[in-house]
Amino acid sequence: MSKPLLTSRYGVEESWKLANAERAGAYEVARQALTARKPAELREEVKKANLRGRGGAGFPAGVKWGFLNPEEGERIYLVINADESEPGTFKDRSIMDLDPHRLVEGAIISCFAIDAHVAYIYVRGELAFSVNRLEEAIAEARQAGYLGERPFGIDHPIDVHVHAGAGAYICGEETALLNSLEGRRGEPRLKPPFPAVKGAFGMPTIVNNVETIASVPDIIEMGGDAWSALGRLPGDGGVRIYGVSGHVNNPGLFEAPVGITMRELIDDYAGGVLDGRPLKAVIPGGSSTPVLDPQRKVDAPNEDHPLHKWHGQSEIDVPMGVDTYRALGTMLGTCCAIVMDDTVNMVEACRNLMRFYKHESCGQCTPCREGTGWLVDVLDGLCNGRGKPEDVDLLVDISNNMMGNTICAFADGTAMPMLGMVQKFRQEFMDAAVHGLPDDVRHDASVRSSVEGVA
Amino acid sequence: MAFALTPEREQQVDEILTRYPERRAALLPVLWLCQRQNGWISPEVAEYVSKRLELSTAVIKGVVTFYTMFFDEPVGENVVWVCRTLSCDLRGGKAIQDHLEKKLGCAAGHTSADGKFTLLKAECLAACGQAPMVQINDYYYENLNVQQLDRILDAHAAKGGEAAAAEFSSCASFGAPRGSNGGAVTSAPPPPTKEAVRVASRPPPDSTGDES
Ligand SMILES: Cc1cc2nc3c(=O)[nH]c(=O)nc-3n(C[C@H](O)[C@H](O)[C@H](O)COP(=O)(O)O)c2cc1C
Ligand code: SF4
Ligand code: FES
């Protein structure tokens, strides 16, 4: 296993302090980049790195940066998305808490590369601790002359500000985030215009995830090609932070190359399913990504199919990449997996997540507002023994009507996992429609005694 | 009575205003300053913010009601958020909520009789790998079991929230004590042994007395 990059300073004593981070290499790349390289060169390296956005959609960061085409007099903003609210996802918080200077360094290099002078880091309001860590790191960097009027002595003022949200999942959607940054309700905006044309304060804006920006220093240091080659898949480069939660022996975060398999992630990194129980299902990259069923085989007999190499193997043996997972009918999302053992009832698990979406829909679009509420009603009925077999198809119909008809991708991010659940675990939904669920059904059967302390 | 920020916080508002090209963008940070001082966004607070940022109170109300963390009515001295989204529920989130309700004597959505704690259900708080967890005021408490939760609540009652947080709260996504790194991120696959179960699924050793 190669040595860690993104997380290399996590183990350094008080890694969040400038002196300690610098002793471990922080800001060397920024100094070199700002004093000795040209912005266009830096953008080229990021493009060659095949850095796919780490916020969920996996859009290539270098390509996104290329959309900037400011008009005379326009100023460009960098906005860093630290809203981290997708259920199951807990990776960005570790960067902010344990290596805030990596994010600040990434922001400095990125600002220079895209000709921005101000970066805002939008942190979800609950993470008050991370907000403080970042503010302290920014103050130290300013004091040291890495931010401010002349960062590293060059004539390109750069400042970074932290902006705390106040509790709303939808503010992770980039245009909702921009509204929230501007002091408005966090409601998504119609696109186009895209943020790169008209974003924060009406100006061209690049919105990138925390981990995306934190990857930039390594890319510039190693060179885009070399960094890209760390990944195991074409067009999807580098290393990333994987998370595993739920029923595994060793839940947590792991740095690994792009393209390990879900089986490796669960068994080799996360210590296998809790107490050796059978794996029932895994939600691969946050709650909006359709579930994987380890019993299912990849069906790609045609040689042209992108997954032909894995034809006949389990879904969890396909390498984890933005494109491979899309071909599999799911999404890589945030790369933080939720693992469920055989004690979990999928209808109940599904109800848990759909309640989340009902709570978090911003309500602007009728199909989303009504659809999320209706899905929960139908699932409540199934769970409480008031369901009918037709309800299972009703779930499918409601979901289909939510897709493609809304201002933002939230509705699709609700409907797709709902459809995936019914498609892969239909029998369980049918059983619930006929028998309901036992009154005492819950998700934590396998850990309950250890949490409640009764042996 | 009219609301006023402390002189120190007033200065912070002046500094915050320099961060943005538009005055309105200071709304969320200023609401945060006010709520930290006042506990909730009262009509007097809204009045103050309206004058300070030159926004109508209707606009402020619209924003306050959009975000779950801004309170438009008074809450208890401490606010306890218990995460009930899937990753936490898979690891005992319901047991944690049940215990809190018993211990505080109130259901989620309500405040304890002595006014000390308001208990609220939360959606995923980005601590899924350290489930189950709760947030109390500004701090996270992770890798919980009910004994650990009792210790935390008792410390709150005896010594106050800041002292309890200093002793028990965790940072950095690893459920590690706040001052340390935890170090649970690794690029080398850890051996899938039973030992790993122990280390990862229990509270950090120096914040729990026993391992029952
Ligand atoms: C409902 C919804 C929630 C989102 N939440 C987040 C989030 O919490 N963090 C994040 O980085 N991106 C989130 N995104 C994706 C952002 O809109 C955006 O694509 C991303 O920040 C771009 O950064 P990247 O290209 O570096 O990934 C969300 C998208 C949607 C539709
Ligand atoms: S799809 Fe849902 S969350 Fe997105 S704008 Fe419409 S109502 Fe709001
Ligand atoms: S599900 Fe509880 S922190 Fe994510």
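Our structure is the block above this text.
In short, a report on the structure. The structure displayed is predicted, hence computed values, not measured ones.

### Considerations on the overall build of chain A
Stage number 1. Counting secondary structure elements, chain A contains 19 helices and eight strands.
Stage number 2. Taken against the 2.2 N^0.38 rule, which gives 23 Å for 455 residues, the C-alpha radius of gyration of chain A at 22 Å falls within 12% of a compact globule.
Stage number 3. For chain A, the proportion of its 455 residues judged to be buried stands at 64%.
Stage number 4. Considering only residue pairs separated by 6 or more positions, chain A has 69% of its internal contacts joining residues 24 or more positions apart.
Stage number 5. Element-wise, carbon and sulfur atoms account for 48% of the exposed surface of chain A, whose accessible area totals about 16000 Å².
Stage number 6. Charge centroids of chain A, computed over 45 positive and 64 negative side chains, lie 2 Å from each other.

### Considering the overall build of chain B
Stage number 1. On a plain count of helices and strands, chain B comes out with nine helices and seven strands.
Stage number 2. Counting the 212 residues in chain B, one finds 55% classified as buried.
Stage number 3. Long-range contacts, defined as pairs at least 24 residues apart, comprise 58% of the intrachain contacts of chain B with a sequence gap of at least 6.
Stage number 4. Accessible surface, chain B as shown: approximately 8800 Å² in total, 53% of it carbon and sulfur.

### Here we look at the site of ligand 2
Stage number 1. By nearness alone, 13 residues border ligand 2, and A:Cys362, A:Gln364, A:Cys365, A:Cys368 and A:Cys408 come closest of all.
Stage number 2. Taken together, the residues that form the shell around ligand 2 break down as nine nonpolar, four polar and no charged.

### Some thoughts on the side chain of A:Asn209
All names here are of chain A.
Stage number 1. Tracing the chain through its elements places Asn-209 in strand β4 (residues 205-209).
Stage number 2. In terms of polar contacts, Asn-209 uses its side chain to reach the backbone amide nitrogen of Glu-211, at 2.7 Å.
Stage number 3. Among all residues touching Asn-209, those that are not within four sequence positions of it are Arg-54, Gly-55, Ile-80, Asn-81, Lys-91 and Asp-92.

### Quick word on helix α3 (residues 43-53) of chain B
All names here are of chain B.
Stage number 1. Within α3 the residues assigned to the buried category are Val-45, Ala-46, Tyr-48, Val-49, Ser-50, Arg-52 and Leu-53.
Stage number 2. Residues of α3 that are buried in the fold lie against α1 (7-17), α2 (27-38) and α4 (57-66).
Stage number 3. One or two residues past the end of α3 sits Glu-54, with phi positive at roughly 55 degrees.

### Side note on the packing of helix α15 (residues 366-383) of chain A against helix α16 (residues 390-402) of chain A
Residue and element names in this part refer to chain A.
Stage number 1. Closest axis-to-axis distance for the α15/α16 pair is 10 Å, and the angle between their directions is 165 degrees. Classified by the angle between their axes, α15 and α16 sit roughly antiparallel to one another. Relative to α16, the crossing made by α15 is left-handed. Between α15 and α16, the contacting residues are Pro-367, Cys-368, Gly-371, Thr-372, Trp-374, Leu-375, Val-378, Leu-379 and Leu-382 on the first element and Asp-391, Leu-394, Leu-395, Ile-398, Ser-399, Asn-401 and Met-402 on the second.
Stage number 2. Its residues assigned to classes, the contact of α15 with α16 shows eleven nonpolar, four polar and one charged.

### So, the pairing of strand β6 (residues 252-257) of chain A
Residues and elements named next belong to chain A.
Stage number 1. Along β6, six of the six residues are buried, which leaves the element largely enclosed by surrounding structure.
Stage number 2. As paired strands, strand β5 (residues 239-246) and β6 are joined by six bridges and run antiparallel to one another. Along β6, the bridge assignment pairs Val-239 with Pro-257.
Stage number 3. Joining the antiparallel neighbours β5 and β6 is a turn of five residues.

### What to know about the site of ligand 1
Residue and element names in this part refer to chain A.
Stage number 1. Near ligand 1 lie 19 residues; those nearest to it are Gly-55, Asn-81, Asn-208, Asn-209 and Thr-212.
Stage number 2. In this structure, Lys-64 approaches ligand 1 through a side-chain N or O atom, which is 3.0 Å from an oxygen atom.
Stage number 3. Within the complex, 89% of the 620 Å² of free accessible area of ligand 1 lies under protein.
Stage number 4. Here the element with the most residues in the shell around ligand 1 is β4; it accounts for three residues.
Stage number 5. Of the residues in the shell around ligand 1, the class split is five nonpolar, eight polar and six charged.

### What about the sheet that holds strand β2 (residues 116-123) of chain A?
Residues and elements named next belong to chain A.
Stage number 1. Strand order in this open sheet of four strands is β3-β2-β1-β4, and the pairing throughout is parallel. At either end of the open sheet lies a strand with only one pairing partner, and these are β3 (159-164) and β4. The average angle at which neighbouring strand axes cross in this sheet is 20 degrees, direction not considered.
Stage number 2. Sheet analysis places strand β1 (residues 76-82) next to β4, joined by five bridges and oriented parallel. By the bridge assignment, Leu-78 is partnered in β4 with Ile-206.

### A look at the interface of chain B and chain A
Stage number 1. On the chain A side, the residues contacting the 70 residues of chain B number 91 residues.
Stage number 2. Buried surface at the junction of chain B and chain A, summed over both partners, amounts to about 6100 Å²; 59% is from carbon and sulfur atoms.
Stage number 3. Here A:Arg93 ties to B:Glu142 by a salt bridge, and the two come within 2.8 Å at their closest N and O atoms.
Stage number 4. Listing elements by their share of the side of chain B that touches chain A, those giving two or more residues are α2, α4, α5 (86-90), α6 (93-104), α7 (146-159), β6 (170-171) and α9 (194-201) of chain B.
Stage number 5. Class assignment for the residues of the side of chain B that touches chain A results in 37 nonpolar, 19 polar and 14 charged.

### Structural notes on a nonpolar patch on the surface
Stage number 1. Together, A:Phe59, A:Val63 and A:Phe67 line one region of the surface with nonpolar side chains, adding up to about 260 Å² of accessible area.
Stage number 2. Mapped onto the elements, A:Phe67 comes out in the loop between α4 (61-66) and β1.

### Describing the sheet that holds strand β7 (residues 279-283) of chain A
Residue and element names in this part refer to chain A.
Stage number 1. Here four strands make up an open sheet; going across it, the order is β6-β5-β8-β7 and the pairing mixed. Here the strands that pair on one side only, and so sit at the sheet edges, are β6 and β7. Averaged over all neighbouring strand pairs, the angle between strand axes comes to 30 degrees, with direction disregarded.
Stage number 2. The sheet contacts of helix α12 (residues 262-269) involve β5, β6, β7 and β8 (336-341), and relative to β6 the element is tilted by about 125 degrees.

### Let's talk about the packing of helix α3 (residues 39-48) of chain A against helix α6 (residues 100-114) of chain A
All names here are of chain A.
Stage number 1. One way to put it is that α3 packs onto α6 with a least axis distance of 7 Å and a crossing angle of 115 degrees. As the angle between them shows, α3 and α6 are arranged roughly perpendicular. Helix-helix and strand crossings are classified by hand; for α3 and α6 the assignment is left-handed. In contact with Pro-39, Leu-42 and Arg-43 of α3, α6 contributes Ile-109, Phe-112 and Ala-113.
Stage number 2. Of the residues that constitute the contact of α3 with α6, the class distribution is five nonpolar, no polar and one charged.

### Observations regarding the packing of aromatic side chains
In this description, an aromatic ring pair is defined by two values, namely the gap between the centres and the angle between the planes.
Stage number 1. Across all of its chains, the model carries 18 aromatic pairs over all chains by this definition.
Stage number 2. Here A:Tyr27 and A:Tyr146 contribute two aromatic rings whose centre-to-centre distance is 4.8 Å and whose plane-to-plane angle is 40 degrees, an arrangement assigned as tilted. Taken together, the residues span a long stretch of sequence, with A:Tyr27 in the loop between α1 (18-23) and α2 (28-36) and A:Tyr146 in the loop between α7 (128-143) and β3 at a distance of 119 residues. As far as burial versus exposure is concerned, A:Tyr27 and A:Tyr146 are alike and both buried.
Stage number 3. Residue A:Tyr146 is classed as buried on the basis of its relative accessible area of 8%.
Stage number 4. Members of the aromatic cluster, each reached through a chain of ring pairs, are A:Tyr77, A:Tyr120, A:Phe201 and B:Tyr20.
Stage number 5. Note that A:Arg133 overlies the ring of A:Trp16, its terminal NZ or CZ placed 3.6 Å from the centroid.

About the criteria used
Residues numbered from 1 in each chain as written. Chains lettered and ligands numbered in written order. Predicted model: local features only at pLDDT ≥ 70, side-chain atom pairs only at ≥ 80, totals over all residues. Heavy atoms only, no water. Helix = DSSP H or I, 4+ residues; strand = E, 2+ residues; numbered from the N terminus. Rg over C-alpha atoms; globule rule 2.2 N^0.38 Å. Buried < 20%, exposed > 50% of the residue type's maximum accessible area, 1.4 Å probe, protein only. Contact = heavy atoms within 4.5 Å. Areas by Shrake-Rupley, 256 points an atom, 1.4 Å probe, with all protein chains shown as cover. Lys, Arg positive; Asp, Glu negative; His and termini not counted. Charge placed at Lys NZ, Arg CZ, Asp CG, Glu CD. Near = heavy atom within 4 Å. Nonpolar A, V, L, I, M, F, W, Y, C, P; charged D, E, K, R; others polar. Polar contact = N/O pair within 3.5 Å; in protein donor to acceptor, adjacent residues only side chain to side chain. Axes fitted to C-alpha atoms, helices over the stretch in contact; angles between N-to-C directions. Parallel < 35°, antiparallel > 145°, perpendicular 65-115°, else oblique. Left-handed = near helix turned anticlockwise from the far one by under 90°. Pairing = 2+ DSSP bridges. Buried area = accessible area lost by both parts, 1.4 Å probe. Salt bridge = Lys/Arg side-chain N within 4 Å of Asp/Glu carboxyl O. Patch = residues over 30% accessible without salt bridge, like charges linked within 9 Å, V, L, I, M, F, W, Y side chains within 5 Å. Phe/Tyr/Trp six-rings, centres within 6.5 Å; stacked < 30°, edge-to-face > 60°. Lys NZ or Arg CZ within 6 Å of the ring centre and 35° of its normal.

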